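Here is what each chain is made of, one letter per residue.
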Amino acid sequence: MTPLSRYATCAGYEIHYTEWGAPDAPVVVAWHGLARTGRDMDDLAAHLAPRYRVICPDTIGRGLSQWARQPAEEYQLRFYARVVADLFDALGIAQAHWVGTSMGGAIGTVCASGLFEPQLKGRIRSLLLNDNAPRLADDALGRIKAYAGQPPAFDTVAELEAFFRQVYQPYGWLSDAQWRRLTETSTRRLPDGRVTPHYDPAMVQQFTHHANDYLIWDHYDALDIPVLCLRGEDSDLVLRETTIEMLTRGPGARGQARVIEVPGCGHAPALNVPEHYALVDRFFVHGVQDPGPAEPVLVRTAGGPAANALPRSQYRAPTRLQWP
């Protein structure tokens, strides 16, 4: 299935998004990570499109969306929530499931809470956080700050692809064709003819001007919807102790949250293989209520190891659990 490439004016900016599926189908918003674009969601969107209308935006300053005129003020979660509110209105979205990778998960959290944009409260039906949490590891944030503001440049697209294969190895298994698409959909040429990742380097000002922008426990605690956190088993950004805390407060304390570890991945699972699709499908249909049997199961991810899981009856902390 080929997506439609569209644009909408949101918070005074032209925002690009791809749209998959029938316009009258239930809506899924799939939002990418910090230095990426909406095209990262192509595989998941293609899987969901027969049943859902899938919207995959480029965040302001990324991909084909406009860059911020006031980066110090507009590259932050509060402004991103304003963009989302306008996008929902422009596209006529009454309610949507939300899948957010890394930054996209944080955007979904602050939108679903309604603390920044009260008109969004109740319009996000469920929230899937792909290697994102209300608190992120300081060491990993330091690493992101160090590289995000100075994207590398290469003479050829092939060299940029080799760079992406190295830095995004934690995504897990991708086919050669998927690596090539990831590269070609997030590449721009500089005035000197070299190629570089397709984002505004000034977006790093989110970290320099809003040091605690990703410390969002107050937003998480305000959620009253099903929340599924997919943590890459080797993630250095989302720590296990944080996901354990997610299960004891906010939606976790109300029995509305679940954490599943994805083996063979770090930050962040690419959501591009059937095992990942199955988790998303089950969550959209059943929320965090697991209708399956309580015996141990195996998790197998393409290109990654298999891992034993605890039975559902023993679920107290993050486990490598896959719904059957």
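Residues numbered from 1 in each chain as written. Predicted model: local features only at pLDDT ≥ 70, side-chain atom pairs only at ≥ 80, totals over all residues. Heavy atoms only, no water.

A few words now on the side chain of Asp-42. As for its placement among the helices and strands, Asp-42 is situated in helix 1 (residues 42–48). Only 2.8 Å separates the side chain of Asp-42 from the side chain of Arg-39, close enough to count as a polar contact. Each residue touching Asp-42, except ones within four places of it in the same chain, is listed here: Trp-20 and Arg-181. (Helix = DSSP H or I, 4+ residues; strand = E, 2+ residues; numbered from the N terminus. Polar contact = N/O pair within 3.5 Å; in protein donor to acceptor, adjacent residues only side chain to side chain. Contact = heavy atoms within 4.5 Å.)

This brings us to the side chain of Thr-242. Inspection of the secondary structure puts Thr-242 in helix 10 (residues 240–246). Look past the residues within four positions of Thr-242 in its chain and what remains in contact with it is Ala-133, Arg-135 and Trp-217.

One finds Val-29, Leu-77, Phe-88, Trp-98 and Ile-107 to be the most contacted residues of the largest nonpolar core, which totals 75 residues. Residue contributions to this core peak at 10 residues, all from helix 3 (residues 77–91). Membership of the second largest hydrophobic core comes to 25 residues, among which are Cys-56, Val-99, Cys-265 and Leu-279. (Core = buried A, V, L, I, M, F, W, Y, C linked by side-chain atoms within 4.5 Å. Buried < 20%, exposed > 50% of the residue type's maximum accessible area, 1.4 Å probe, protein only.)

The next thing to look at is the sheet that holds strand 2 (residues 13–20). The mixed open sheet is built from eight strands, whose spatial order is 1-2-4-3-5-6-9-10. A strand with exactly one partner marks an edge of an open sheet, and here the two such strands are strand 1 (4–10) and strand 10 (257–262). Looking at each pair of strands side by side, their axes are set apart by 20 degrees on average, direction ignored. As judged from the four bridges shared by strand 2 and strand 4 (residues 53–57), these two strands associate in the antiparallel manner. By the bridge assignment, Trp-20 is partnered in strand 4 with Val-54. (Pairing = 2+ DSSP bridges. Axes fitted to C-alpha atoms, helices over the stretch in contact; angles between N-to-C directions.)

Bringing the packing of aromatic side chains into the picture now. Counted according to the given criterion, the structure contains 10 aromatic pairs. Between Tyr-13 and Phe-79, the aromatic rings sit 6.1 Å apart at their centres with planes inclined by 85 degrees, giving edge-to-face as the arrangement. Here Phe-79 lies in helix 3 and Tyr-13 lies in strand 2, a separation of 66 residues in the sequence. Overall, Tyr-13 belongs to the buried group, its relative accessible area being 1%. Cation over ring: Arg-36 sits above Phe-164, and NZ or CZ is 5.4 Å from the ring centre. Sitting over the ring of Tyr-13, Arg-69 keeps its end group 4.0 Å from the ring centre. (Phe/Tyr/Trp six-rings, centres within 6.5 Å; stacked < 30°, edge-to-face > 60°. Lys NZ or Arg CZ within 6 Å of the ring centre and 35° of its normal.)

To describe two helices that pack against each other, one gives the angle between their axes and the distance between the axes. Across the interface, helix 6 (residues 157–167) lies against helix 7 (residues 176–184) with an axial gap of 9 Å and an inter-helix angle of 110 degrees. Considering their axes alone, helix 6 and helix 7 lie roughly perpendicular with respect to each other. The two elements helix 6 and helix 7 meet at a crossing, and its hand is right-handed. Where helix 6 abuts helix 7, its residues Val-157, Leu-160, Glu-161, Phe-164 and Arg-165 lie against Asp-176, Trp-179, Arg-180, Leu-182 and Thr-183. (Parallel < 35°, antiparallel > 145°, perpendicular 65-115°, else oblique. Left-handed = near helix turned anticlockwise from the far one by under 90°.)

The buried count for helix 4 (residues 103–113) comes to 11 of 11 residues, which makes it a mostly enclosed element. Of all the residues in helix 4, the buried ones are Met-103, Gly-104, Gly-105, Ala-106, Ile-107, Gly-108, Thr-109, Val-110, Cys-111, Ala-112 and Ser-113. Turning to helix 4, the residues buried within the fold contact strand 3 (27–31), helix 3, strand 5 (96–101), strand 6 (124–130) and helix 9 (217–221). Following helix 4 by one or two positions, Gly-114 adopts a phi angle in the positive range, close to 75 degrees.

This next bit is on the pattern of salt bridges. Should their charged atoms come close, side chains of opposite charge can pair. Applying the stated rule across the entire model yields 19 salt bridges. Among the salt bridges present, the one from Arg-143 reaches Asp-236, with a minimum N-O distance of 3.1 Å. In this pair, Arg-143 sits in helix 5 (residues 138–148) while Asp-236 sits in the loop between strand 9 (227–232) and helix 10, placing the two residues 93 residues apart along the sequence. Given a relative accessible area of 39%, Arg-143 falls into the partly exposed group. Under the relative-accessibility criterion, Asp-236 is labelled partly exposed at 35%. Here Arg-249 makes a salt bridge to Asp-221, at a shortest N to O gap of 2.6 Å. Placement of the pair is Arg-249 in the loop between helix 10 and strand 10 and Asp-221 in helix 9, with a sequence separation of 28 residues. The class for Arg-249 is partly exposed, based on a relative accessible area of 24%. Taking relative accessible area as the criterion, Asp-221 reaches 27% and is therefore assigned partly exposed. (Salt bridge = Lys/Arg side-chain N within 4 Å of Asp/Glu carboxyl O.)

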